[in-house]
Amino acid sequence: METLKKIFPYSFKAKNSIGALIVNILIQFLICAVVGVLIGICAKILPIIGWIIGIAGGLVDVYLVVGIVLSVLDYLKVLK
């Protein structure tokens, strides 16, 4: 569990209300969207390694989904 808290630090921030949970999810989505746009721009500039950059974009999307799931589970007190 400590490893998850180190990898996904923002998902385990204190959330006292549903509003705080929604803000937490929106901030995670916004950060990953910005990173996704930057990865997309790099893929257009460097088409030779575009598939490697595409894999990095997929990993960012997976990080987003896992972070949101962990955030919701932490809010529901399922994780200790």
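Just above, that's the structure.
Draft legend 1. Layout of the overall build of the chain. Within the chain, the secondary structure is distributed over three helices and zero strands. In terms of overall dimensions, the chain is more spread out than a globule: its C-alpha atoms have a radius of gyration of 15 Å, far above the 12 Å expected for 80 residues. For the chain, the proportion of its 80 residues judged to be buried stands at 22%. The long-range share in the chain, meaning contacts at least 24 apart out of those at least 6 apart in sequence, stands at 67%. Accessible surface for the chain amounts to roughly 5600 Å². Of this, 78% is attributable to carbon and sulfur atoms.

Draft legend 2. Quick look at helix α3 (residues 50-75). Taking 1.5 Å as the rise per residue, α3 with 26 residues should run 38 Å; its terminal C-alpha atoms sit 37 Å apart, in good agreement. Within α3, the full set of buried residues consists of Gly50, Ile53, Gly57, Val60, Leu64, Gly67, Leu70, Ser71 and Asp74. Following α3 by one or two positions, lysine 77 has its phi on the positive side, about 65°.

Draft legend 3. Molecular detail of unusual backbone geometry. The phi torsion at lysine 77 lies on the positive side, around 65°, for a residue other than glycine. You can see lysine 77 is positioned in the segment after α3. Overall, the relative accessible area of 64% leaves lysine 77 in the exposed class.

Draft legend 4. Molecular detail of helix α2 (residues 18-45). In a regular helix each residue adds 1.5 Å, so 28 residues correspond to 40 Å; α2 covers 41 Å between its end C-alpha atoms and thus fits that length. For α2, the complete set of buried residues consists of Leu21, Asn24, Gln28, Cys32 and Ile39. Buried residues in α2 make contact with α3.

Draft legend 5. Examining the environment of isoleucine 53 more closely. Tracing the backbone shows isoleucine 53 in helix α3. Residues isoleucine 53 and isoleucine 41 lie 12 residues apart in sequence; the distance between their C-alpha atoms is 9.8 Å. Sequence-distant contacts of isoleucine 53, that is, excluding residues within four places in its chain, are made with Ile39, Cys42 and Ala43.

Draft legend 6. Quick look at the side chain of lysine 15. Inspection of the secondary structure puts lysine 15 in the loop between α1 (2-7) and α2. Engagement of the side chain of lysine 15 in a polar contact is seen with the backbone oxygen of serine 11, the distance being 2.8 Å. Of the polar contacts made by the side chain of lysine 15, one reaches the side chain of aspartate 74; its length is 3.1 Å. When neighbours within four sequence positions are excluded, lysine 15 is seen to be in contact with Ala20, Leu21, Asn24, Ser71, Asp74 and Tyr75.

Rules used in this analysis
- Residues numbered from 1 in each chain as written.
- Predicted model: local features only at pLDDT ≥ 70, side-chain atom pairs only at ≥ 80, totals over all residues.
- Heavy atoms only, no water.
- Helix = DSSP H or I, 4+ residues; strand = E, 2+ residues; numbered from the N terminus.
- Rg over C-alpha atoms; globule rule 2.2 N^0.38 Å.
- Buried < 20%, exposed > 50% of the residue type's maximum accessible area, 1.4 Å probe, protein only.
- Contact = heavy atoms within 4.5 Å.
- Areas by Shrake-Rupley, 256 points an atom, 1.4 Å probe, with all protein chains shown as cover.
- Expected span 1.5 Å × (residues − 1).
- Polar contact = N/O pair within 3.5 Å; in protein donor to acceptor, adjacent residues only side chain to side chain.

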